[in-house]
Amino acid sequence: MEMLRRRFHGGHQHEYALLGGNEKARPRLWTRKHSILVLLLIALATLFFVSLSIRSGEQPCDTPEAGYQCRPEISHFWGQYSPYFSVASDIPAHTPEGCHITFAQVLARHGARDPTLGKSLLYGATIERLKANVKHFPGRYAFLADYEYTLGADQLSIFGQRQLVSAGVNFYERYKPLSRDFVPFLRASGQKRVIDSAWNWTQGFREAMLADEHTNPHHPSLPAVDVVVSEEEGMNNTLHHDICTEFETGKFGAIGSTAKFKWVEVFAEPIRARFNADLIGANLTLTEVIYLMELCPFETVASPTGKISRICDLFTTEEWRQYNYYGSLDKWYGYGHGNPLGPTQGVGFVNELIARMTDEAVTDTTSTNRTLDSDPQTFPLGRRLYADFSHDNDMTAIMAALGLYGETSHLPNRTLVGAPEAGGFSAAWTVPFAGRVYFEKLQCAGHDEELVRVLVNDRVQPLLQCEGDALGRCTLSAFVDSLQFARSGGHWAACFK
Ligand SMILES: *[C@@H]1O[C@H](CO)[C@@H](O)[C@H](O)[C@H]1NC(C)=O
Ligand SMILES: *[C@@H]1O[C@H](CO)[C@@H](O)[C@H](O)[C@H]1NC(C)=O
Ligand SMILES: *[C@@H]1O[C@H](CO)[C@@H](O)[C@H](O)[C@H]1NC(C)=O
Ligand SMILES: *[C@@H]1O[C@H](CO)[C@@H](O)[C@H](O)[C@H]1NC(C)=O
Ligand SMILES: *[C@@H]1O[C@H](CO)[C@@H](O)[C@H](O)[C@H]1NC(C)=O
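Residues numbered from 1 in each chain as written. Chains lettered and ligands numbered in written order. Predicted model: local features only at pLDDT ≥ 70, side-chain atom pairs only at ≥ 80, totals over all residues. Heavy atoms only, no water.

1. Brief notes about the layout of surface pockets
A water-sized probe rolled over the atoms picks out the places where empty space is left. Basically, it comes down to this: A pocket here means an open set of points on a 1 Å grid, computed over the protein atoms alone, that has protein on both sides within 12 Å along at least five of seven lines. A cavity is instead a set of points where a 1.4 Å probe fits but cannot get out; residues with an atom within 4 Å of a point line either one. Grid points are joined across faces, edges and corners, and a volume is the space filled by probe spheres set on the points. Numbering of helices and strands starts at the N terminus; helices are DSSP runs of H or I of at least 4 residues and strands are runs of E of at least 2. In the scheme used here, Gly and all other residues not listed as nonpolar or charged are polar, with Ala, Val, Leu, Ile, Met, Phe, Trp, Tyr, Cys and Pro taken as nonpolar and Asp, Glu, Lys and Arg as charged.
Roughly 670 Å³ of internal volume is contained in the largest pocket. Contributing to the lining of the largest pocket are 38 residues, with Lys 260, Asp 330, Lys 331, Tyr 335 and Asn 393 lying nearest its centre. Here the element with the most residues in the lining of the largest pocket is helix H11 (residues 317–334); it accounts for 6 residues. Along the lines of polarity and charge, the residues of the lining of the largest pocket split into 12 nonpolar, 15 polar and 11 charged.

Here it is as structure tokens:
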């Protein structure tokens, strides 16, 4: 760290000295005419390169501030496979006037990845079957004739790594007054892509810190991944569900897939009919239609710059909205309020969050690992910044256990309800690749007690469960009181019968 900082400051000084030296020694050969000509040339060259990069579609699709913004009318409707984007917030997301943040915890999903192994094989097989059975690919399908499926399995893509670097920058910038002085404590769930995501996030945090001339020169250290919580079978892990038997293997396990297949029968049938009419011999099944749709986000995030896949344009924007709803049903009924044991899976994390926010030992009878949580090395209290890395399903359960989206009516299985009408619930708005929830404590003028705000991908939650004010703020005590479900065990006993 010291070395990096010295190199950084050293470089800065060097540049300054050069400028100063030139200034003094510059011979008076340059006339005003020369300078104007040079400026004109520079301006022209800049214009040329800017227009070139726009025409070749090379402007960045993804930035630390706004996330992924190319073709939002489709890319923000890819369910949990959407790349993170900043979601519009009814309540302004900036820190309210007169408040400063005293504590921040992020809970983040890993970045974009290749399809899981099983899916990757199925996608490849679908393409092979199409190519074997269809003799002629007309019009906009033409590229499929020599299309090769090349995606790998499970790991973060380059684009996904960059997403997490950006997420680290975003966190540093939002919480600058704290990140200048404090190092976040990091935990990652034990799957490779999650651990890798956490490391890439620390890179972004460090980059932003080195670029910040006001950072504390005595900053204690660089962030690191402090704890990896195992995902091995039978492990207690608040960032990954596994040990609630009735949920994993009992009758609650199938609710999500039952719900989403009811919707597939409604929305994917017309798509299937179109493909099968256009591509003689294709005879696609409904499931294969879904696989083809999923190739669109996966091919896009396999491109280092997030270049939109050609497959995407085989479907209409309305069909992407329908696909997004398929993801929303999967999360709602698989892990959210639509599953009687969904929120239960998020209880352990909520009890850990309460401990961190109130600076009191963890009280939990569910999925926490008591060994880890009672050791200050692996579960320190009293820190200002925390970062945890997990998965979409677990984050969905945690949001439900917190009572977020508690006012949303159960999503109908055969009628699409958009995110704004569903109180902000949609797989793309809640758990996209590199999605993140920010939990903040604020000290605000005119309030003796600390206040709490929760932002899901920049969308401020109204926190109606603890009478959130117009800015989405609850007092810390009202927030903790509202978490009765988690504090009283969250139906954990129903996991075993
Ligand atoms: C992400 O981190 C890995 C090491 O964990 C590194 O090899 C890779 O270059 C990083 N990605 C980016 C985009 O910086
Ligand atoms: C709890 O964490 C400890 C320390 O990492 C580990 O050795 C142990 O296997 C974990 N136990 C369970 C049940 O998760
Ligand atoms: C949707 O389907 C699931 C799974 O069968 C079911 O539990 C749920 O009640 C259905 N939702 C509605 C609103 O009917
Ligand atoms: C189309 O596929 C179905 C199974 O999904 C099969 O029963 C049917 O025979 C196939 N039709 C043709 C024309 O291959
Ligand atoms: C893991 O969780 C179970 C269920 O709450 C609990 O009985 C057990 O003691 C926990 N193990 C550890 C190491 O915390």
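2. Here we look at the site of ligand 1
Counted only if it meets this: Here, proximity means that at least one heavy atom of the residue falls within 4 Å of the molecule or strand. Pairs of N or O atoms within 3.5 Å make up the polar contacts considered here, provided that, within protein, one atom can donate a hydrogen while the other can accept it, and that residues adjacent in sequence are counted only when both atoms are side-chain atoms.
Neighbouring ligand 1 are Gln 161, Arg 162, Val 165, Asn 200 and Gln 203. Asn 200 is positioned with one of its side-chain polar atoms (N or O) 2.3 Å from an oxygen atom of ligand 1. Contact between ligand 1 and Gln 203: an oxygen atom at 3.2 Å from a side-chain N or O atom of the residue. Residue assignment for the shell around ligand 1 shows that the elements contributing at least two residues are helix H5 (158–174) and helix H7 (192–211). Considering each element in turn, the shell around ligand 1 owes the most residues, 3 residues, to H5. For the shell around ligand 1, the residue count by class is 1 nonpolar, 3 polar and 1 charged.

3. Quick look at the packing of H5 against H7
To keep things clear, this is the line we draw: The angle between two axes is taken between their N-to-C directions and runs from 0 to 180 degrees, where each axis is a line fitted to C-alpha atoms and a helix contributes only its stretch in contact. With respect to orientation, any angle under 35 degrees is reported as roughly parallel, any angle over 145 as roughly antiparallel, any angle of 65 to 115 as roughly perpendicular, and every other angle as oblique. What makes a crossing left-handed is the near helix being turned counterclockwise from the far one by less than a right angle; a clockwise turn instead makes it right-handed. Any two residues having at least one pair of non-hydrogen atoms within 4.5 Å are treated as being in contact.
Two elements in contact, H5 and H7, have axes whose closest approach is 6 Å; the angle formed by their N-to-C orientations is 45 degrees. Classified by the angle their axes make, H5 and H7 are oblique. Considering how the two elements wind past one another, H5 and H7 form a crossing that is right-handed. Across the interface between the two elements, Gln 161, Leu 164, Val 165, Ala 167, Gly 168, Val 169, Phe 171, Tyr 172 and Glu 173 of H5 pack against Ser 197, Asn 200, Trp 201, Gln 203, Gly 204, Phe 205, Glu 207, Ala 208 and Met 209 of H7. For the contact of H5 with H7, the class distribution of residues is 10 nonpolar, 6 polar and 2 charged.

4. Some words on unusual backbone geometry
The condition is simple: Think of it in three bands: with a 1.4 Å probe and only protein chains considered, a residue is buried below 20% of the maximum accessible area for its type, exposed above 50%, and partly exposed in between.
Notably, Arg 71 is not glycine yet its phi reads approximately 45 degrees, a positive angle. As for its position among the elements, Arg 71 is in the loop between strand E2 (67–68) and helix H3 (72–75). With a relative accessible area of 32%, Arg 71 lands in the partly exposed category. Phi is positive for Asp 458, which is not a glycine, with a value near 75 degrees.

5. Focus: the environment of Phe 425
Note on placement: Phe 425 falls in the loop between helix H14 (392–401) and helix H15 (427–430). Separated by 17 residues in sequence, Phe 425 and Thr 408 place their C-alpha atoms 7.8 Å apart. The contacts of Phe 425, once residues within four sequence positions are left out, are Ser 328, Lys 331, Trp 332, Tyr 405, Leu 411, Ala 419 and Thr 430.

6. Comments concerning the state of the cysteines
How we decide: Note that a disulfide, as used here, is simply two cysteine sulfur atoms within 2.5 Å.
Under the counting rule described, the total for this entry stands at 5 disulfides. The disulfide partner of Cys 296 is Cys 312, and the S-S distance across this bridge is 2.2 Å. In this structure the cystine formed by Cys 296 and Cys 312 twists about its S-S bond by roughly 100 degrees; its chirality is therefore right-handed. Residue Cys 296 is found in helix H10 (residues 286–302), and its partner Cys 312 is found in the loop between H10 and H11; the two are separated by 16 residues along the sequence. For the pair shown, Cys 296 and Cys 312 are each scored as buried. Sulfur-sulfur distance for the disulfide between Cys 466 and Cys 474 comes to 2.1 Å. The disulfide joining Cys 466 to Cys 474 has a torsion of about 95 degrees about its S-S bond and is therefore right-handed.

7. Structural notes on the pattern of salt bridges
Heads up, the rule is: One side-chain nitrogen of Lys or Arg within 4 Å of one carboxyl oxygen of Asp or Glu is enough to make a salt bridge.
On inspection of all chains with the given rule, the structure shows 23 salt bridges. Arg 187 serves as the salt-bridge partner of Glu 352, at 2.8 Å between the closest nitrogen and oxygen. Taken together, the positions of Glu 352 in helix H12 (residues 347–358) and Arg 187 in strand E4 (residues 185–189) put the pair 165 residues apart, joining distant regions of the chain. Glu 352 sits in the buried class, given a relative accessible area of 2%. The class of Arg 187 is buried, set by a relative accessible area of 3%. In this structure, Arg 356 engages Asp 388 in a salt bridge whose closest nitrogen and oxygen atoms are separated by 2.9 Å. One end of the pair, Arg 356, is in helix H12; the other, Asp 388, is in strand E6 (residues 385–390), and 32 residues separate them in sequence. Here Arg 356 and Asp 388 have matching classes, each one buried. Salt bridges linked by common partners bring Arg 109, Lys 260, Asp 330, Lys 331 and Asp 392 together as one network.

8. Details of the environment of Thr 95
Counting through the fold element by element, Thr 95 comes out in the loop between H3 and strand E3 (99–109). Residue classification places Thr 95 among the partly exposed residues on the basis of a relative accessible area of 25%. Spatially, the C-alpha atom of Thr 95 lies 9.8 Å from that of Tyr 175, the residues being 80 residues apart in sequence. With residues up to four places along the chain from it excluded, the contact list for Thr 95 reads Ile 101, Arg 174, Leu 442 and Arg 453.

9. Looking at the side chain of Lys 441
Relative to the elements of secondary structure, Lys 441 occurs in strand E7 (residues 436–444). A polar contact is formed between the side chain of Lys 441 and the backbone oxygen of Met 357, at a distance of 2.7 Å.

10. Some remarks on the packing of aromatic side chains
What counts, and what does not: Each Phe, Tyr or Trp ring (for Trp, its six-membered ring) is paired with any other whose centre lies within 6.5 Å, and the angle between the two planes then decides the class: stacked below 30 degrees, edge-to-face above 60, tilted in between. Lysine and arginine charges are scored as sitting over a ring when NZ or CZ, respectively, is within 6 Å of the ring centre and within 35 degrees of the ring normal.
Across all of its chains, the model carries 30 aromatic pairs by this definition. Where Phe 171 meets Tyr 438, the ring centres are 5.9 Å apart and the plane angle is 75 degrees; that geometry is what we call edge-to-face. Of the two residues, Phe 171 is situated in helix H5 and Tyr 438 in strand E7; the sequence distance between them amounts to 267 residues. Exposure class is identical for Phe 171 and Tyr 438. Each is buried. One aromatic cluster in this structure is built from Trp 78, Tyr 141, Trp 263, Phe 267, Phe 275, Phe 315, Trp 320, Tyr 323, Tyr 325 and Tyr 326. Note that Arg 436 overlies the ring of Tyr 84, its terminal NZ or CZ placed 3.5 Å from the centroid.

11. Quick notes on the site of ligand 5
Our working rule: Accessible areas in this description were obtained via Shrake-Rupley with a 1.4 Å probe; residue shielding takes into account the shown protein chains only.
Around ligand 5, the neighbouring residues are Asn 236, Thr 365, Thr 366, Thr 368, Asn 369, Arg 370, Thr 371 and Trp 492. In this structure, an oxygen atom belonging to ligand 5 sits 2.3 Å away from a side-chain N or O atom of Asn 236. Measuring from an oxygen atom of ligand 5, one finds a backbone N or O atom of Arg 370 at 2.6 Å. For ligand 5, the protein covers 57% of the area, taking 360 Å² as the surface of the free molecule. A class-by-class count of the residues in the shell around ligand 5 yields 1 nonpolar, 6 polar and 1 charged.

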